Amino acid sequence: MKIKEIKLHQLLMTMKNPFTTSFGTQQKRFVTIVEAIDEDGLSGFGECVSGEDPLYSEEFMDATLIALKKYFGPLVINKEISHPDEVWEIYKPFKRNNMAKASIEGAVWDLYAKKKGITLAEAMGGTKKEVDVGVSLGLEDTDELLLERIGEKVEEGYKRIKVKIKPGRDVEMVRKIREVYPEIPLMVDANSAYTLDDIDILKALDEFNLMMIEQPLMAGDIIDHAKLQKQIKTPVCLDESIDSYESAAAAIELGSCEIINVKVGRVGGITQSIKIHDLAEKHNIPLWCGGMLEAGVGRLHNVAITTLSNFTLPGDTASSSRYWFEDIITPEVVAENGVVKVSEKPGIGAEVDFGKMEQYLVKTETITEDDTLDMIMHN
Ligand SMILES: O=C(O)CCC(=O)C1=CC=C[C@@H](O)[C@@H]1C(=O)O
Ligand SMILES: [Mg+2]
């Protein structure tokens, strides 16, 4: 296949509720939907998951858009691509910018699956027909409010509850949750808010039978996480520290975690996610698919990757309606009793609904063959 044109549909969406982590609160989400159009006029879709500001990782949407227009779009236009794995090879000399790379690569995977008449899940080698999902809850102003939110989600049947923690909102907050819900599958995510100086707090969390503690220490770190894992019973799950196949391999070798949260955008795309999947499976490290507050396109990509065999823990792929008054796909993603059925339609398995998207659209920019690679260095 040959990509002739790439459209960057830039949306400004507002979530139903604000989402608070240890690094901040957000309700608005800048979402870029990447549409890759081939020589037959067929479209594949990807979603860019960069944050608005470089707080979760170094990537942010303004910079990502420049990277897409200047490098990653022109690099694939008019190239003969026989399999989406080739996109990673094309991008290889260009360092990081993983979420930018993954958004175009994801669109190429969708296009590839649609051209073959298979589902995106099948194109990746996934076999599950349905996937288990959990829900990620932000910090609330009071523990009572958080308990209310948890109650709603338990009632809706989500298979695990993840709550955000930060210094001052940790041990006692989790104790209160456990008093009310002693048995629910519960985990915490610190988004890098602690250091090894906080070892007593992290050890104290062992008492609550948590499924895991996600990214307690600095983003990128694997050394201190390895030291931590030796001192606590709760499995450490790495999120921000796993930004490549190589970092996953190093973390597994050092014993820095017992679980990995795979976010396709964070690791540079589907090809890299599958490589990490296969490695983790070999080492008995279970995976789950983390969310980035995606709109429908990214959500469906997440459902597809979760069909791979070693995604054995419930992911963040909650219902569209958990985030949005109206999602941009038809039909929306619906979790019933914590289970999402994988669509049998080709590609991502739902229509990108341009009518619905219109209400959020800020602008669409098109990359064509007239946009050549804009580089100072050449080789
Ligand atoms: O529901 C989701 O999409 C997951 C939400 C979530 O936990 C996160 C979204 C975006 C950045 C982070 O705060 C984060 C995470 O750390 O997993
Ligand atoms: Mg996380």
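Residues numbered from 1 in each chain as written. Chains lettered and ligands numbered in written order. Predicted model: local features only at pLDDT ≥ 70, side-chain atom pairs only at ≥ 80, totals over all residues. Heavy atoms only, no water.

## What to know about the pattern of salt bridges
One pass over the structure, following the stated rule, counts 26 salt bridges. Among the salt bridges present, the one from Glu-58 reaches Arg-96, with a minimum N-O distance of 3.1 Å. One end of the pair, Glu-58, is in the loop between strand 3 (43-48) and helix 1 (61-76); the other, Arg-96, is in the loop between helix 2 (85-91) and helix 3 (98-116), with 38 residues separating them in the sequence. What makes Glu-58 partly exposed here is its relative accessible area of 45%. Asp-189 is paired through a salt bridge with Lys-164; the nearest N and O atoms lie 2.7 Å apart. Highlighted residues: Asp-189 in strand 7 (residues 186-189) and Lys-164 in strand 6 (residues 161-164), separated in sequence by 25 residues. Judged by relative accessible area, Asp-189 falls into the buried class, the value being 1%. On the accessibility criterion, Lys-164 (5% relative accessible area) is buried. (Salt bridge = Lys/Arg side-chain N within 4 Å of Asp/Glu carboxyl O. Helix = DSSP H or I, 4+ residues; strand = E, 2+ residues; numbered from the N terminus. Buried < 20%, exposed > 50% of the residue type's maximum accessible area, 1.4 Å probe, protein only.)

## Quick look at the domain arrangement of the protein chain
Entries for the protein chain in the domain assignment read domain 1 (3-118 + 354-367) and domain 2 (122-352). Between the C-alpha centres of domain 1 and domain 2 the distance comes to 22 Å. Contacts between the two partners involve 41 residues from domain 1, matched on the other side by 50 residues from domain 2. Of the roughly 4,000 Å² buried between domain 1 and domain 2 on both sides combined, carbon and sulfur atoms contribute 63%. Looking only at domain 1, the three residues that lose the most surface to domain 2 are Lys-16, Tyr-56 and Lys-356, adding up to 19% of its buried area. Linking domain 1 to domain 2 there are one salt bridge. Here Asp-243 ties to Arg-96 by a salt bridge, and the two come within 2.9 Å at their closest N and O atoms. Counting across the domain 1 and domain 2 interface gives 26 residue pairs in polar contact (both at pLDDT 80 or more). Counting residues per element, the ones that place at least two in the side of domain 1 that touches domain 2 are strand 1 (3-21), strand 2 (24-38), strand 3, helix 2, helix 3 and helix 12 (354-358). (Domains from an automatic or database assignment. Contact = heavy atoms within 4.5 Å. Buried area = accessible area lost by both parts, 1.4 Å probe. Polar contact = N/O pair within 3.5 Å; in protein donor to acceptor, adjacent residues only side chain to side chain.)

## Some thoughts on the coordination of the magnesium ion (ligand 2)
Within the protein, the magnesium ion (ligand 2) binds to Asp-189 (OD), Glu-214 (OE) and Asp-239 (OD); these donor distances fall in the range 2.1 to 2.3 Å. Sequence spacing of the donors to the magnesium ion (ligand 2): D-x24-E-x24-D. In this pair, Asp-189 sits in strand 7 while Glu-214 sits in strand 8 (residues 213-214), placing the two residues 25 residues apart along the sequence. Judged by relative accessible area, Glu-214 falls into the buried class, the value being 0%. (Donors = N, O, S within 2.8 Å, 3.2 Å for Na, K, Ca; no water.)

## Focus on helix 8 (residues 223-231)
Restricting attention to buried positions, one finds in helix 8 the residues His-225, Ala-226, Leu-228 and Gln-229. For helix 8, the arc enclosing every buried residue in end-on projection is 165 degrees, short of the 170-degree limit, so these residues lie on one face. (Arc of directions from axis to C-beta.)

## Focus: the packing of helix 9 (residues 245-254) against helix 10 (residues 270-282)
Packing of helix 9 against helix 10 leaves a shortest axis separation of 9 Å and a crossing angle of 15 degrees. The orientation of helix 9 with respect to helix 10, classified from their angle, is roughly parallel. For the crossing formed where helix 9 meets helix 10, the hand is right-handed. From helix 9, Tyr-245, Ala-248, Ala-249 and Ile-252 reach across to helix 10, where they touch Gln-272, Lys-275, Ile-276, Leu-279 and Ala-280. (Axes fitted to C-alpha atoms, helices over the stretch in contact; angles between N-to-C directions. Parallel < 35°, antiparallel > 145°, perpendicular 65-115°, else oblique. Left-handed = near helix turned anticlockwise from the far one by under 90°.)

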